[in-house]
Amino acid sequence: MAERLGPPLAEPIFDELAIIGIGLIGSSLARAIRKQNVARRIFVADASPGALARAEALELGDAFTTDVAEAVRDADCVILCAPVGANGAIGRAIAPALKARAIVSDVGSVKGAVIAELEPILPARARLVPAHPVAGTEQSGPDAGFATLFVNRWSILTPPEGADPDAVRDVRALWEAIGSNVETMSAAHHDLVLAITSHVPHLIAYNIVGTAADLEDVTQSEVMKFSAGGFRDFTRIAASDPTMWRDVFLHNKEAVLEMLGRFGEDLTALQRMIRRGDGDGLFALFTRTRAIRLGIVAQGQETAAPDFGRRGPEGRSAGP
Ligand code: NAP
């Protein structure tokens, strides 16, 4: 999918914007924000000196630091782009340094837990507008990012009750300027939808690849040698960042367990169909699921090209 950014903004939305965590998502944001003239100045912070050095070499910002408080001091907008489990510590570190009316946003794949953690920590003078771009790849780090990652992908805003409408408008404008479609919903609804569209599929991928790796009668080299399309696609997902995904499951526990319960029931029904030789039942289900896939392609969220069109240079997916 060749995705293009539109023309840059005539006037930036923010004077200074801070990105905390310059991995895949943070570095893609930095690149897109710069290209689209969303902020006059970008301050980049990361806990990892190695990631920061790469970010500097790639010229992803105007200033770089490992001190998150320093990065937010003059920022009109701060975007947390570290794994979800780090948000509490980052929130506590930046809270005293935040400017009055600074917008604090994030990109975490889980929203309810992020709000529950950040709301009590942040000072009343800050304005919290959480967001989640439903775009990504299985890569991590500053080198993995690219400016068009969010083009034609959905970004979901989950403003808490009483969120400042001007702050919500500015965060929406940011995501639209870098090519995203934007939708607003409650954090609870977001977490339920993403549990079934992203979190449970990742868990299934981790599980099936783990099961294959543990098989006693089939060697690992056979698994690799004979990996058919289906298994290969699972291994791509199962290569996703372990820290990020550990944090997703620990922070979206209820919704994931709810969806896993349903998944388990449906799997049992499938087992029964196979045992009973219910070909009609299997055929009916597979026909229904194929229609969902065609719907995703029709909405431009996936390509119908062989191999998911992922042989291109970007290898982008509608990730977590
Ligand atoms: P990533 O490539 O691993 O980058 C995260 C960066 O944050 C790393 O450089 C990490 O440093 C740094 N970091 C960790 N703790 C920190 C702290 N306390 N203070 C400052 N920096 C810290 O991760 P990512 O894939 O960009 O994911 C980032 C966020 O985006 C996650 O919340 C995830 O849920 C969300 N998200 C990811 C995707 C996706 O497809 N990957 C899609 C949508 C949303 P170290 O390497 O030293 O830990």
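Q: Would you take a moment to explain the packing of helix H11 (residues 253-276) against helix H12 (residues 279-298) for this structure?
A: The packing of two helices is summarised by the inter-axis angle and the distance between the axes. In contact at an axis separation of 8 Å, H11 and H12 are set at 140 degrees when each is read in the N-to-C sense. When the axes of H11 and H12 are compared, the pair comes out oblique. In this structure, H11 contributes Leu-270, Met-273 and Ile-274 to the contact, and H12 contributes Gly-281, Leu-282 and Leu-285. Grouping the constituent residues of the contact of H11 with H12 by class yields five nonpolar, one polar and no charged.

Q: How should I be thinking about the site of the ligand in this particular structure?
A: Taken together, 27 residues form the shell around the ligand, and within it Leu-24, Ile-25, Asp-46, Ala-82 and Ser-109 come nearest. Contact between the ligand and Ala-82: an oxygen atom at 2.9 Å from a main-chain N or O atom of the residue. A distance of 2.9 Å separates an oxygen atom of the ligand from a polar atom in the backbone of Gly-141. The protein chains hide 82% of the 900 Å² of surface that the ligand would expose on its own. When residues of the shell around the ligand are traced back to their parent elements, those giving at least two are helix H1 (24-35) and strand E7 (131-133). In terms of residue class, the shell around the ligand is built from 16 nonpolar, 10 polar and one charged.

Q: For this particular structure, what's the right way to read the sheet that holds strand E8 (residues 154-157)?
A: Strand pairing in a sheet relies on backbone hydrogen bonds, with the paired strands running either antiparallel or parallel. Overall, mixed pairing links the three strands, which are arranged E7-E8-E9 in an open sheet. Two strands bound the open sheet, and with one partner strand each, they are E7 and strand E9 (181-184). For this sheet, the mean inter-axis angle between neighbouring strands, taken without regard to orientation, is 20 degrees. Taken together, the four bridges between E8 and E9 define a ladder with parallel strand orientation. Residue Ser-155 lies in a different strand from E9, and its bridge partner there is Val-182.

Q: Sorry, what's going on with the sheet that holds strand E3 (residues 63-65) here?
A: Strands sit in the order E3-E2-E1-E4-E5-E6 across an open sheet of six strands; the sheet is parallel. Each having just a single partner strand, E3 and strand E6 (127-128) make up the two edges of the open sheet. Bridge analysis of strand E2 (residues 39-45) against E3 gives three bridges, and the strand direction is parallel. Its bridge partner lying in E3, Val-44 is registered against Phe-64. Against the sheet, H1 engages strand E1 (14-20), E2 and strand E4 (77-80), with an angle of about 165 degrees to E1.

Q: Explain the nonpolar core to me, please; I cannot follow it from the model alone.
A: The tendency in soluble globular proteins is for nonpolar side chains to be buried side by side. Judged by nonpolar contacts, the single largest core of 43 residues is most densely connected at Leu-17, Ile-19, Leu-29, Ile-33, Leu-174 and Trp-175. Put simply, the parts of the chain that give this core at least two residues each are E1, H1, E2, helix H2 (49-57), E4 and helix H6 (165-177). Residues within four places of Trp-175 in sequence aside, it is in contact with Leu-29, Val-107, Ala-131, Pro-133, Phe-150, Ser-155, Leu-157, Ser-180 and Val-182. Ranked by size, the runner-up nonpolar core spans 25 residues in total, among them Ile-20, Ala-63, Val-68 and Val-114.

Q: How should the domain arrangement of the protein chain be read in this particular structure?
A: By a frequent convention, interface size equals the accessible area lost on bringing the separate parts together. On domain assignment, one finds that the protein chain holds domain 1 (14-185) and domain 2 (189-276). Using C-alpha coordinates to define each centre, domain 1 is positioned 29 Å away from domain 2. Opposite the 16 residues of domain 1 that make contact, domain 2 presents 15 residues. Three residues stand out in domain 1 for area buried against domain 2, namely Ser-109, Val-110 and Glu-138, and they jointly supply 40% of the buried area on that side. Applying the counting rule to domain 1 against domain 2 returns one salt bridge. Salt-bridge contacts for Arg-236 lead to Glu-138; the nearest nitrogen and oxygen are separated by 3.1 Å. Top contributing element to the side of domain 1 that touches domain 2 by residue count: helix H5 (residues 112-118), with three residues. A class-by-class count of the residues in the side of domain 1 that touches domain 2 yields seven nonpolar, six polar and three charged.

Q: Is there a simple way to explain the pairing of E8 in this structure?
A: Both faces of the sheet carry side chains from a regular strand, because those side chains alternate between them. By the bridge criterion, three bridges tie E7 to E8 in an arrangement that is antiparallel. Opposite Ala-131, over in E8, you have Leu-157 as the bridge partner. On the question of chirality, the crossover connecting E8 to the parallel E9 by way of H6 is right-handed.

So, how was this worked out
Each chain carries its own residue numbering, running from 1 in the direction its sequence is written. Only residues with pLDDT of at least 70 get local features here, since the model is predicted, and only at 80 or more are side-chain atom pairs given and counted; chain-wide, interface and lining totals rely on the full set of residues. Derived side-chain values reflect all non-hydrogen atoms in the structure, with water molecules and hydrogen atoms excluded from consideration. The convention used is that axes are lines fitted to C-alpha atoms, helices contributing only their stretch in contact, and that angles between N-to-C directions extend from 0 to 180 degrees. Comment: elements are numbered from the N terminus, with helices defined as DSSP H or I runs of at least four residues and strands as E runs of at least two. The cut-offs work like this: below 35 degrees is roughly parallel, past 145 is roughly antiparallel, 65 to 115 is roughly perpendicular, and the gaps in between are oblique. Any pair of residues with heavy atoms lying within 4.5 Å of one another is described as a contacting pair. Just so you know the grouping, Ala, Val, Leu, Ile, Met, Phe, Trp, Tyr, Cys and Pro go in nonpolar, Asp, Glu, Lys and Arg go in charged, and all remaining residues, Gly too, go in polar. Any residue with a non-hydrogen atom lying within 4 Å of a molecule or strand is treated as near it. The definition of a polar contact used here is a pair of N or O atoms within 3.5 Å, where within protein one atom must be able to donate a hydrogen and the other to accept one, and adjacent residues in sequence count solely through side-chain atom pairs. Residue-level accessible areas treat just the shown protein chains as cover; the underlying method is Shrake-Rupley with a 1.4 Å probe. Strands qualify as paired when DSSP identifies two bridges or more between them. The set of buried Ala, Val, Leu, Ile, Met, Phe, Trp, Tyr and Cys residues whose side-chain atoms join them within 4.5 Å is what this entry labels a nonpolar core. A simple rule labels every residue: compare its accessible area, found with a 1.4 Å probe on the protein chains alone, to the largest value its type can have, and call it buried under 20%, exposed over 50%, or partly exposed in between. Each domain's limits were defined by an automated method or a database of domain assignments. Put simply, buried area is the surface a 1.4 Å probe can reach on two separate parts but cannot reach once they are joined, added for both. Salt bridges are counted wherever a side-chain nitrogen of Lys or Arg sits within 4 Å of a carboxyl oxygen of Asp or Glu. Assignment of crossover handedness uses the view with strands pointing away from the viewer, where a clockwise path from the first strand over the helix to the second indicates a right-handed crossover.

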